[in-house]
Structures are given as C-alpha cells and as structure tokens.
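As a plain string of letters, each chain reads:
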Amino acid sequence: MNLYIRYFNSETLVNTVDEAIDFLRSIDEIEMNPMLEADIREYAASNVCIPKRYKIRSRVYFIIIKTEAATMQDFKEKRAVRTPAEKDRSNIPVMMRLNEERDGWYEGTMDFKRVQPVPGTGKFQYRDTHFVAIVRAISGQDCYNRIVDHLRSRVDERSQFPSAKGKNFKFRYMGMAKEMLR
C-alpha cells in the first residue's frame, strides 16, 4: 500500500512510511515531532483506508491517503480505486451502505424510545422498545424510512426514533426472492 501526501501544492506518492516522513520534514511549516511521526506510522500500519488529516495550525492541514496506485498518474486518474464488491463490506462506512441501492427484502432492527402511559397515574414514561421488521425496499435508508413511517402511525407521537446512521438501527439485505422470508 502506497501513501499519497498533500500539503497545499506540495504532493507526493511514496512507497514507505520513512519516505513519507522525509517528505514532511522537507516542508518548513510542518514541525515533525515524535508523536506525529508515531501517529503516521500507526496509520500506515493499520487497516484503516479512509484519508487522514493532520492539523498544522488553525484551518491548515496536510492529508495522507492510502492507495494502491503505483504512480502519481494512476492515482490522479483513479485507476487503483477498488470497487465496493472487492472491498470487505464491513469496512464500508454506514452512510455508503445506507444509500447503496439494492432492490429487495431487508430485515431492519430498531431500538427506540416509546411513550407509554403509566397505569393508575395518568402520566407517561419512555420505554426502550426493540422492533424488527422485514420490508421490501430499495436501500437501507428506504428500509429505515418505511419502518419509521409504520411506527409513527401506531405509537404515541412523542416517541423518539434513532437516526438511521446510529447504533440503534441496523439492517441486513436478504435478497430479491420471497422465498428468502421462509
């Protein structure tokens, strides 16, 4: 895995972490210290593939991107970009999986705060409620929207639903056929 580094108009594509650190040391405005060097080495050794920004001062950053491109031209022309089918699906960010369009059946699981009356007092309280549904949808976001629309018409309007991006909503694509439900 190679590293692309950019600071304003200075950019490079390097093969090793040592080359990356040497490049950063050559830039006067970037003060390399042992903590920054250790963090860059840790990022390069990790399985994290998202770009990393390092703050130099207020609103000034340099960026490091892991890439499989062998040359700068390949990187610029995005020839080394992996397709989602080649990536491990667990490493794809939630936002990308939510909006990925795959028509079919989804199993959606939601934990939400449901407003329920307390018997004998006339007061109400929030209760944690676990809800699971199998819905026909075109994406994870559509699955979420269909579940929330269904629940809004059946529970107290003061009930609180989690964000589709949060940990209290999960979905699983089950496929196209109705036989998947059996």
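Just so we're clear, the structure is a prediction, and the values are computed from it rather than from any experiment.

A. Representation of the overall build of the protein within the structure. Per the secondary structure count, the protein includes five helices and seven strands. Listing the helices and strands of the protein from first to last along the sequence gives β-β-α-α-β-β-α-α-β-β-α-β. Partitioning the contacts of the protein with sequence separation of at least 6, the portion at a separation of at least 24 is 53%. Of the roughly 12300 Å² of accessible surface on the protein, 50% is carried by carbon and sulfur atoms.

B. Representation of the packing of helix α1 (residues 17-25) against helix α2 (residues 34-45) in the model. Packing of α1 against α2 brings their axes to within 10 Å, and their N-to-C directions diverge by 145°. Every pair of crossing elements has a handedness; the one defined by α1 and α2 is right-handed. Residues Val17, Asp18, Ile21, Leu24 and Arg25 of α1 pack against Glu37, Ile40, Arg41 and Ala44 of α2. In terms of residue class, the contact of α1 with α2 is made up of five nonpolar, no polar and four charged.

C. Structural detail: the sheet that holds strand β6 (residues 124-137). Pairing in this open sheet of three strands is antiparallel, and the strands run β6-β5-β7 from one edge to the other. The sheet terminates laterally at β6 and β7 (169-175), the two strands that pair on one side only. Ignoring strand direction, the axes of neighbouring strands in this sheet form an average angle of 20°. As judged from the 14 bridges shared by strand β5 (residues 104-117) and β6, these two strands associate in the antiparallel manner. Across the sheet, residue Glu107 finds its bridge partner in β6, namely Ile134. Sitting on the sheet, helix α5 (residues 140-152) is in contact with β5, β6 and β7, with an inclination near 130° to β6.

D. Inspection of the pairing of strand β1 (residues 2-7) at higher detail. Of all the six residues making up β1, five are buried; the element is thus mostly covered by neighbouring parts of the structure. Pairing analysis gives five bridges linking β1 to strand β2 (residues 10-14), with the strands arranged antiparallel. From the neighbouring strand, Tyr7 faces β2, where its bridge partner is Ser10. Hairpin connection from β1 to β2: two residues lie between these consecutive antiparallel strands, with Phe8 at a positive phi of about 50°.

E. Summary view of α1. Within α1, burial applies to Val17, Ala20, Ile21, Phe23 and Leu24. All buried residues of α1 project into a common sector of 160° when viewed along the axis, lining one side. Close packing links the buried residues of α1 with β1, β2, α2 and β4 (60-67).

Analysis parameters
Residues numbered from 1 in each chain as written. Predicted model: local features only at pLDDT ≥ 70, side-chain atom pairs only at ≥ 80, totals over all residues. Heavy atoms only, no water. Helix = DSSP H or I, 4+ residues; strand = E, 2+ residues; numbered from the N terminus. Contact = heavy atoms within 4.5 Å. Areas by Shrake-Rupley, 256 points an atom, 1.4 Å probe, with all protein chains shown as cover. Axes fitted to C-alpha atoms, helices over the stretch in contact; angles between N-to-C directions. Left-handed = near helix turned anticlockwise from the far one by under 90°. Nonpolar A, V, L, I, M, F, W, Y, C, P; charged D, E, K, R; others polar. Pairing = 2+ DSSP bridges. Buried < 20%, exposed > 50% of the residue type's maximum accessible area, 1.4 Å probe, protein only. Arc of directions from axis to C-beta.

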